[in-house]
Amino acid sequence: VEQMCALIEGGVDLFICETIFDTLNAKAAISAAKEAMRLAGRSVEIALSATLSSTGGRMLAGQTIEAFVASTAHSGAVALGLNCGCHRYFVRMGYMELYIKQMASLTDAAVMLYPNAGLPNAMGEYDETPEITASHLSKMMDAGVINIAGGCCGTTPAHIRAIAEAARSHTP
């Protein structure tokens, strides 16, 4: 609450609670955000982004996409999405589109996706090129299921430029 109050005082427009692996943690963050807004006397939008730990579409604590959306519906989040653990295996095998479409069907909020630039290699570096990351996200844009696109672990300014370029030709 203290940190969120300072952010509100500093002029923040949006709280993004991200890499959510347990909806109980998300609920604590939502509660803190609402308390901070009450104390500051100013509303700030909230966005929530989960991370999946398996191709079975479950978060680390075992919740499904449906459970994530239902458990956080009270937040009034302006956007829901997936980030981080959404690595290229998920994208290549079609799981990412499946789970993003599933999330989109369960919410009226904007849907966001910001995956890693692949998985870390043996040296802890990310090998996925900006073009590959942008092409994966472009497929989701083409399908009309995401409103917000970006990058997580391993993405660089070059990745974000490539994603922004891909997004220019799409309507949210």
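Everything discussed here concerns the structure shown above.
Because the structure is predicted, anything quoted here is derived from the model rather than measured.

The rules behind these values
- Residues numbered from 1 in each chain as written.
- Predicted model: local features only at pLDDT ≥ 70, side-chain atom pairs only at ≥ 80, totals over all residues.
- Heavy atoms only, no water.
- Pairing = 2+ DSSP bridges.
- Helix = DSSP H or I, 4+ residues; strand = E, 2+ residues; numbered from the N terminus.
- 1 Å grid on protein atoms, 1.4 Å probe; cavity = no way out; pocket = protein on both sides within 12 Å on 5 of 7 lines; lining within 4 Å.
- Points joined across faces, edges and corners; volume = space filled by probe spheres on them.
- Nonpolar A, V, L, I, M, F, W, Y, C, P; charged D, E, K, R; others polar.
- Salt bridge = Lys/Arg side-chain N within 4 Å of Asp/Glu carboxyl O.
- Buried < 20%, exposed > 50% of the residue type's maximum accessible area, 1.4 Å probe, protein only.

1. Thoughts on the sheet that holds strand E1 (residues 14-20)
- Here 5 strands make up an open sheet; going across it, the order is E1-E2-E3-E4-E5 and the pairing parallel. On the outer flanks of this sheet lie E1 and strand E5 (148-149), each paired with one strand and no other.

2. A word on the layout of surface pockets
- Roughly 170 Å³ of internal volume is contained in the largest pocket.
- Lining the largest pocket, in full, are Met141, Gly144, Ile146, Asn147, Ile148, Ala149, Ala167, His170, Thr171 and Pro172.
- Residues that form the lining of the largest pocket fall into these classes: 6 nonpolar, 4 polar and no charged.

3. Overview of the pattern of salt bridges
- In the structure shown here, the tally under the stated rule is 4 salt bridges.
- Between Asp13 and Arg42 there is a salt bridge; the shortest N-O distance is 3.9 Å. Pair noted here: Asp13 is in the loop between helix H1 (2-9) and E1 and Arg42 is in the loop between helix H2 (23-40) and strand E2 (45-50), with a separation of 29 residues, a long-range link.
- Judged by its relative accessible area of 30%, Arg42 falls in the partly exposed class.
- The residue Arg168 makes a salt bridge to Glu165 at a minimum N-O spacing of 3.1 Å.

4. A word on the environment of Asp108
- Turning to its location among the elements, Asp108 is positioned in the loop between helix H5 (95-106) and strand E4 (110-115).
- Considered as a pair, Asp108 and Gly76 are 32 residues apart in the sequence and their alpha carbons are 10.0 Å apart.

5. Things to note about the environment of Glu66
- Within the secondary structure, Glu66 is located in helix H3 (residues 65-72).
- Judged by its relative accessible area of 37%, Glu66 is partly exposed.
- C-alpha of Glu66 to C-alpha of Leu106: the two residues are 40 residues apart in sequence and 7.3 Å apart in space.

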